[in-house]
Amino acid sequence: MDSQKIFLISSRKLGKTSIIINVLNELKKEELITIYIDIEAFSSHKEFLEIYLLTLIKETTTINKILTFIRNLMPGLRIELKFDGSGKPLLSLSYSHNDKELNRIALKIYDLPGIISEKRKKRVVVAFDEFQEILKFNGKNIEGSLRTSIQHQRNVGYIFAGSKRHLLNEMVNSPQNPFYKIGPVMFLKKIEEKQFFEFIKEKFISTKFKISDETLFKIIEKVENIPYYIQMICHELWNYKLLKKEISIDDIEIVIDQLVRENSQNFHIEWSRLILNKRRLLKAIVIDGGKNVLSIEYIKRNELYYPSSVQRTLKSLIKDGYLDQDDENNYYITDLLFREWIRKLHI
Ligand SMILES: Nc1ncnc2c1ncn2[C@@H]1O[C@H](COP(=O)(O)OP(=O)(O)OP(=O)(O)O)[C@@H](O)[C@H]1O
Ligand SMILES: [Mg+2]
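These numbers come from a predicted model, not from an experiment. (Residues numbered from 1 in each chain as written. Chains lettered and ligands numbered in written order. Predicted model: local features only at pLDDT ≥ 70, side-chain atom pairs only at ≥ 80, totals over all residues.)

### Structural notes on the overall build of the protein
Keep this limit in mind: The helix and strand labels rest on DSSP assignments: H or I over at least four residues marks a helix, E over at least two residues marks a strand, and numbering proceeds from the N terminus. Think of it as a crowd count around each C-beta: if 20 or more other C-beta atoms lie within 10 Å the residue is buried, if 12 or fewer it is exposed, and in between it is partly exposed, with C-beta placed from the backbone throughout. The contact criterion used is a C-beta to C-beta distance within 7 Å, with each C-beta placed from the backbone.
Within the protein, the regular secondary structure consists of 14 helices and eleven strands. Its C-alpha atoms give the protein principal-axis dimensions of roughly 65 × 55 × 40 Å. Per-residue burial for the protein yields a buried fraction of 27% across its 347 residues. Restricting to contacts in the protein with at least 6 residues of sequence separation, those with at least 24 account for 66%.

### Quick notes on the domain arrangement of the protein
Often, the extent of an interface is quoted as the loss of accessible area upon association of its parts. Quick note on the threshold: Domains are outlined according to an automatic or database domain assignment.
Entries for the protein in the domain assignment read domain 1 (5–187), domain 2 (192–265) and domain 3 (274–347). Computed over C-alpha atoms only, the centres of domain 1 and domain 2 are separated by 38 Å.

### So, the environment of P307
Locating P307 in the fold gives a position in helix α13 (residues 307–319). P307 sits in the partly exposed class, given 14 other C-beta atoms within 10 Å. Along the backbone, P307 and I296 are eleven residues apart, and their C-alpha atoms lie at a distance of 7.6 Å. With residues up to four places along the chain from it excluded, the contact list for P307 reads L294 and I299.

### A look at the confidence of the model for the protein
Stated precisely, the cut-off is as follows: By definition, pLDDT measures how confident the predictor is in each residue, and it falls between 0 and 100.
In the predicted model, the protein carries a mean pLDDT of 92, and 98% of its residues have values of at least 70. The secondary-structure element of the protein with the lowest mean pLDDT is helix α5 (residues 139–150), recorded at 85, while strand β5 (residues 124–129) shows the highest, at 98.

### Thoughts on helix α8 (residues 213–222)
Just so we agree on the cut-off: Directions pointing from the helix axis toward each C-beta atom define the arc.
By the burial criterion, the buried members of α8 are L216, I219 and I220. Angularly, the buried residues of α8 cover 95° about the axis, an arc narrow enough to put them on a single face. Facing away from the buried side of α8 by over 90 degrees, the exposed positions are E214 and E221. Two residues or fewer after α8 comes E224, characterised by a positive phi angle close to 50°.

### Some details on the site of ligand 1
Put simply, the test is: Using a C-beta atom placed from the backbone for every residue, we mark a residue as near a molecule or strand if that atom lies within 6 Å of it. Under the scheme applied, nonpolar residues are Ala, Val, Leu, Ile, Met, Phe, Trp, Tyr, Cys and Pro; charged residues are Asp, Glu, Lys and Arg; polar residues are all the others, including Gly.
Taken together, 13 residues lie around ligand 1, and R12, G15, T17, S18 and P227 are the ones closest in. Taken together, the elements giving at least two residues each to the shell around ligand 1 come down to α1 (16–29) and α9 (227–240). When the residues that make up the shell around ligand 1 are grouped by side-chain class, the tally is four nonpolar, six polar and three charged. Three or more residues apiece are contributed to the shell around ligand 1 by two domains, here domain 1 (5–187) and domain 2 (192–265).

### Structural notes on the packing of helix α7 (residues 193–206) against α8
Applicable threshold: Here the axes come from fitting lines to C-alpha atoms, over the contacting stretch only for helices, and the angles between their N-to-C directions go from 0 to 180 degrees. Here is the rule for angles: anything less than 35 degrees is roughly parallel, anything more than 145 is roughly antiparallel, 65 through 115 is roughly perpendicular, and the remaining ranges are oblique. For any pair of crossing helices, the crossing counts as left-handed if the nearer helix is rotated counterclockwise from the farther one by less than a right angle, and right-handed if it is rotated clockwise.
At their nearest, the axes of α7 and α8 sit 10 Å apart, and the two run at 125° to each other. When the interaxial angle is binned, α7 and α8 end up oblique. Crossing hand, α7 versus α8: right-handed. From α7, E193, F196, F197, I200 and K201 reach across to α8, where they touch L216, F217 and I220. A breakdown of the residues in the contact of α7 with α8 according to their chemical character gives six nonpolar, no polar and two charged.

### Considerations on the nonpolar core
For clarity, the threshold we go by: Think of a nonpolar core as buried Ala, Val, Leu, Ile, Met, Phe, Trp, Tyr and Cys residues, each tied to the set through C-beta atoms within 7 Å.
Core analysis: the biggest nonpolar cluster contains 40 residues, and I109, V126, A127 and A161 have the highest contact counts within it. If you list the elements that add at least two residues to this core, you get β1 (5–9), β2 (33–38), α2 (45–58), α4 (99–120), β5, α5, β6 (156–162) and α6 (165–173). For this core, the leading source of residues is α4, giving seven residues. I109 has contacts with L49, Y52 and L53, leaving out every residue within four places of it along the chain.

### A look at unusual backbone geometry
The general pattern is negative phi for most residues beyond glycine and trans for most peptide bonds. Unlike most non-glycine residues, E303 shows phi in positive territory, near 50°. Structurally, E303 is set in the loop between α12 (296–301) and α13. Since 8 C-beta atoms lie within 10 Å of it, E303 is described here as exposed.

### Focus on the sheet that holds β2
Paired through backbone hydrogen bonds, the strands of a sheet run either parallel or antiparallel to each other. Where we set the bar: When DSSP finds at least two bridges between two strands, those strands are taken to pair.
Read from one edge to the other, the open sheet built from five strands follows the order β2-β5-β6-β1-β7, with strand pairing classed as parallel. Edge strands, defined here as strands with exactly one partner in the open sheet, are β2 and β7 (185–187). Each adjacent strand pair in this sheet contributes to an overall mean axis angle of 15°, direction not counted. Both β2 and β5 contribute to a ladder of six bridges, which runs parallel. Bridging from a neighbouring strand, D38 pairs with D129 of β5. Of the strands in this sheet, β1, β6 and β7 touch α6, which is tilted by about 155° from β1.

### Some thoughts on the environment of L337
Here L337 shows up in helix α14 (residues 336–344). Taking the C-alpha atoms as reference points, L337 and F267, separated by 70 residues in sequence, lie 9.1 Å from one another. Setting aside residues up to four positions removed in sequence, L337 forms contacts with L259, V260 and N263.

So, in structure tokens, the structure goes:
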């Protein structure tokens, strides 16, 4: 992990964030300075920089030394420091609002982990979660500056994680992009069924629930061993049978139905916003599966249009997060409850 730059890619809800947080916690125990930033949370480059800077400072010094820290390590940087109602610091960069000036500030902030590492004589690890979201705020510039800055940082490791594999792949695999071949790319695979089985069986048994092996496997199969949904369904089942403490195989559909119903108003709104081409393709994938979607037979069977139009629609649905591709490049609907809701449109 030494000063490596690692890309960690997986589909949604497979446990990226959990694994990163776990790794960072372990490294923290070994006296490394660890920084976690979820880029999806920000709506602008400026906001990202402000929170990144504040997080770097908070992990390095105490709150009352923020201004001294900036004066010493980042001379010339102008900031405004406020405290919210609960006493939490809020930092705002003050600069004449133009992109060039912001980029100049950005470079200083990107250099900071290296400087901190040197001053504190500690290694630093920075994890950017949902890193592809950086492309939303005027992309290339940021990638370029970040790359320039981090490649000289000997004692700082970086994790760039994300769920939009096509965007991340392009970032590391296209020679024209600044992050080209910056480091190894790791794909997080699904946890095996058998392991999940043992894990949830133990959880039910330890809370004195009766559940058959068949039912347990059915839960895992139904949600395609995606940890997020296993947790959701198990939690619902557990609540649903809190008094009786016995779960039957039919309960799975009952709680899924219930969850779908609870979300149906949102799904209706989302559905009504989708153009017909997209609805038709999503329905096809729910009913006919996501394999060979571009084949003539598939297109005919599902009354879609030309391969080129299907391809465009696929791309756009992936971009908006409705679809993703699994390890075999088959398409699937990312939100399992939305998938079940679409399925029920047909009954
Ligand atoms: N190793 C694991 N075993 C069991 N459950 C797990 C494991 N890792 C994560 N989970 C559960 O799976 C869910 C999703 O995990 P997490 O949020 O880390 O995934 P993610 O890939 O970051 O998702 P997203 O795409 O939404 O960012 C969480 O509810 C978490 O508790
Ligand atoms: Mg995550």
